[in-house]
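# Structural characterization, general
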Amino acid sequence: MLNFDLYNPVNILFGEGETDKIGACAAKYGKKALVVSYGDHSFMQQLLDRVEARLTESGVAYVEFFKVQANPLLSHIKEAIALCKKEQVDVCIAVGGGSEMDSTKAIAAGVLYPDDPWRMFVSRHDMEIAVPPTETLPTILIPTLPATSSEMNCVAVATNDETQEKAYIWTPVIFPKISILDPSLTCSLPRFQTAVGAVDAMSHVLEAYLNGDQNSPLQDRLHEGILVTIMAELKEVLKDPMNVPHRANIQWASTLAWNGYLQAGLNPPTPMHQMGHVLSALYNTTHGVTLAIFMDSYFRYTCSLNDERAARFALLGEKIFGLARAGRTDAQVASETVERIVAFMDEVEVPHTFATAGVPTDDASLDKITGEILRHGCDAAGNLPSIPPIGKNGIVKVLRMAAGRED
Ligand SMILES: [Fe+2]
């Protein structure tokens, strides 16, 4: 285990009905709130009415910004920042999924940011001019989609719609003050959103497990426990969508998957996310789907690259699928582990190839995707950080596998 510095100040209110505490929570931080939600918010109008009623009861006025979209846009964040300044908002509240939560963090920091808000975001292209925010308005997040762990981390991702770059703010300054995790709010999630959210959370666990420090047995067991829980509970929820206890297990597991606790001591790179962000920026591919694509192609590419990799994937298969290792090589078990992960994607009906995800597979498109991964996801030497680091040839191979043009 590596040295680490763990700081997570987020106050979590967890459980069915906790949503009704939003008024009292917001009143701690001021008299006027911005409520941020999805552009097509009709499916959660009841929830928004409930949140706004509780704010009114607690003497908190509010203005609405209901324009956020999946893969949230910098232009919307800028528009909301202007609204906050005009309305002199004290606290920003997100009601929705990762896009609403990330946007809300960026909006709240952007209100107090003295420069173009894009400079708060770090990306490979403009890393040298990025300046993280040093202060923010307080934020309160009410997630309706378990997936990103945005509710308990200090990351906010957005796409610059002028340059098509997807980039992130990552600084303790933007930790939310309070997150209200009410699993009953997730019961109305459609089947697809439920599944891709869970797959995103699985990918967070797998990024760290496979590419973080490899000598942290306690962290390994925590990762395996979260993975087993998400996979089992997702199957239950897809059979019985209104089951709050199963929804609760997925929600808490997803929050723990990327809130810093599991990553402590591992310092993991995130190769699947680096590649996935490029697909989302270029083709608006759903975040969880991009990760399913690389849990197929990248895993198949990397699982048996060397003895160490084969042993790691074999251990994963033993722990999460109960695969027998006696009498078999690690490479054989590693391959079966990846086959079982891909079969799970099929079982929960999440696309995991370019063709089924709507990503083009022609040479020019693969060249473009490769170039963007090299530009945004790779280090100065041109390698995608992972175990082992992947150079341009490896990236091309992974993309050709995802495109169904190479086994
Ligand atoms: Fe993610």
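Since the model is a prediction, treat every value here as computed from it, not as a measurement. (Residues numbered from 1 in each chain as written. Predicted model: local features only at pLDDT ≥ 70, side-chain atom pairs only at ≥ 80, totals over all residues. Heavy atoms only, no water.)

## Focus: the overall build of the chain
Filter applied, for reference: A run of H or I in DSSP counts as a helix once it spans at least four residues, and a run of E counts as a strand once it spans at least two, with each numbered from the N terminus. A simple rule labels every residue: compare its accessible area, found with a 1.4 Å probe on the protein chains alone, to the largest value its type can have, and call it buried under 20%, exposed over 50%, or partly exposed in between. Residue contacts are defined here by distance: any two heavy atoms, one from each residue, within 4.5 Å place the two residues in contact. Per-residue accessibility takes into account occlusion by the displayed protein chains alone, with areas from the Shrake-Rupley method and a 1.4 Å probe. In this count, Lys and Arg are taken as positive residues and Asp and Glu as negative ones, while His and the chain termini are left out. To locate a charge, the coordinates of NZ of Lys, CZ of Arg, CG of Asp or CD of Glu are taken.
For the chain, the count of helices and strands is 14 helices and 8 strands. Taking all 407 residues of the chain together, the buried fraction comes to 57%. At a minimum sequence separation of 6, the contacts of the chain that also span at least 24 residues come to 76%. About 15,900 Å² of surface is accessible on the chain, with carbon and sulfur atoms providing 53% of the total. Seen as two clouds, the 33 positive and the 49 negative side-chain charges of the chain have centres 1 Å apart.

## Considerations on the environment of His273
Heads up, the rule is: Pairs of N or O atoms within 3.5 Å make up the polar contacts considered here, provided that, within protein, one atom can donate a hydrogen while the other can accept it, and that residues adjacent in sequence are counted only when both atoms are side-chain atoms.
Mapped onto the secondary structure, His273 falls in helix H8 (residues 271-283). Residue His273 is classed as buried on the basis of its relative accessible area, which comes to 9%. Spatially, the C-alpha atom of His273 lies 18 Å from that of Leu73, the residues being 200 residues apart in sequence. Filtering out sequence-adjacent residues up to four positions away, His273 remains in contact with Asp200, Ser203, His204, Glu207, His287 and Leu291. Within the structure, the side chain of His273 is placed 2.7 Å from the side chain of Glu207, a separation counted as a polar contact.

## A word on the side chain of Gln251
Take Gln251: it is sitting in helix H7 (residues 244-257). Dropping the residues within four chain positions of it, Gln251 is found in contact with Phe14, Pro143, Pro146, Leu181, Asp182, Pro183 and Thr186.

## Things to note about the domain arrangement of the chain
Filter applied, for reference: Here the limits of each domain have been adopted from an automatic or database domain assignment. Criterion for a salt bridge: a side-chain nitrogen of Lys or Arg within 4 Å of a carboxyl oxygen of Asp or Glu. Residue polarity follows a fixed list, in which Ala, Val, Leu, Ile, Met, Phe, Trp, Tyr, Cys and Pro are nonpolar, Asp, Glu, Lys and Arg are charged, and the others, Gly among them, are polar.
Looking at the chain, the domain boundaries give domain 1 (11-186) and domain 2 (191-402). Listed per partner, the contact involves 27 residues of domain 1 and 29 residues of domain 2. At the surface where domain 1 touches domain 2, the tally comes to 0 salt bridges. For the interface between domain 1 and domain 2, the tally reads 8 residue pairs in polar contact (both at pLDDT 80 or more). The set of elements that each furnish at least two residues to the side of domain 1 that touches domain 2 consists of strand E1 (11-14) and strand E7 (165-170). With 3 residues, E7 is the single largest residue contributor to the side of domain 1 that touches domain 2. Per-class residue counts for the side of domain 1 that touches domain 2 are 12 nonpolar, 9 polar and 6 charged.

## Notes on the nonpolar core
Short version of the rule: The criterion is simple. A nonpolar core is a set of buried Ala, Val, Leu, Ile, Met, Phe, Trp, Tyr and Cys residues joined through side-chain atoms within 4.5 Å.
Judged by nonpolar contacts, the single largest core of 67 residues is most densely connected at Phe294, Met295, Phe299, Phe354, Ile369 and Ile373. Contact partners of Phe354, with chain neighbours within four places excluded, come to Leu279, Ile293, Val359, Pro360, Thr361, Leu366, Ile369, Leu399, Ala402 and Ala403. Counting 31 residues, the second largest nonpolar core, distinct from the first, contains Val10, Ala80, Ile81 and Met152.

## Considering the coordination of the iron ion
Where we set the bar: Donor atoms are limited to N, O and S found within 2.8 Å of the metal ion, a distance that becomes 3.2 Å for Na, K and Ca. With water left out, some sites might look partial. Each label reflects the angles at the metal, where four donors whose angles all fall between 85 and 135 degrees are tetrahedral, four or six donors whose opposite pairs open beyond 155 degrees and whose other angles stay between 65 and 115 are square planar or octahedral respectively, and the rest are irregular.
At 2.1 to 2.2 Å from the iron ion lie its protein donor atoms, namely Asp200 (OD), His204 (NE2), His273 (NE2) and His287 (NE2). Seen from the iron ion, its 4 donor atoms lie at angles of 81 to 168 degrees, and the figure they make is irregular. Between consecutive donor residues of the iron ion, the sequence gaps follow D-x3-H-x68-H-x13-H. Within this pair, Asp200 and its partner His204 are both found in helix H5 (residues 191-211), separated by 4 residues, close to a single helical turn. Judged by relative accessible area, Asp200 falls into the buried class, the value being 2%. Note on His204: relative accessible area 4%, which makes it buried.

## Quick look at the pattern of salt bridges
Tallied over the entire structure, the rule returns 24 salt bridges. The salt bridge partner of Lys67 is Glu79, with a shortest N-O separation of 2.3 Å. Residue Lys67 is found in strand E3 (residues 61-68), and its partner Glu79 is found in helix H3 (residues 74-87); the two are separated by 12 residues along the sequence. Given a relative accessible area of 35%, Glu79 falls into the partly exposed group. One network of salt bridges, with partners in common, ties together Asp20, Arg50, Arg54 and Glu57.

## Examining the packing of helix H13 (residues 363-376) against helix H14 (residues 392-402)
We apply this condition: Where helices are involved, their axes are fitted lines through C-alpha atoms of the stretch in contact, as for all axes, and angles between N-to-C directions lie from 0 to 180°. Just so you know how the angles are binned, under 35 degrees is roughly parallel, over 145 roughly antiparallel, 65 to 115 roughly perpendicular, and the rest oblique. If you view the pair so one helix is near and one far, a crossing is left-handed when the near helix is turned anticlockwise from the far one by less than a right angle, and right-handed when it is turned clockwise.
Between H13 and H14, the least distance of the axes is 10 Å, while the angle of their chain directions is 135 degrees. By the angle between their axes, H13 is oblique relative to H14. In this structure, H13 meets H14 at a crossing whose hand is right-handed. Contacts between H13 and H14 involve Asp363, Leu366, Ile369, Thr370, Ile373 and Leu374 from the former and Lys392, Ile395, Val396, Leu399 and Arg400 from the latter. Residue composition of the contact of H13 with H14, grouped by class: 7 nonpolar, 1 polar and 3 charged.

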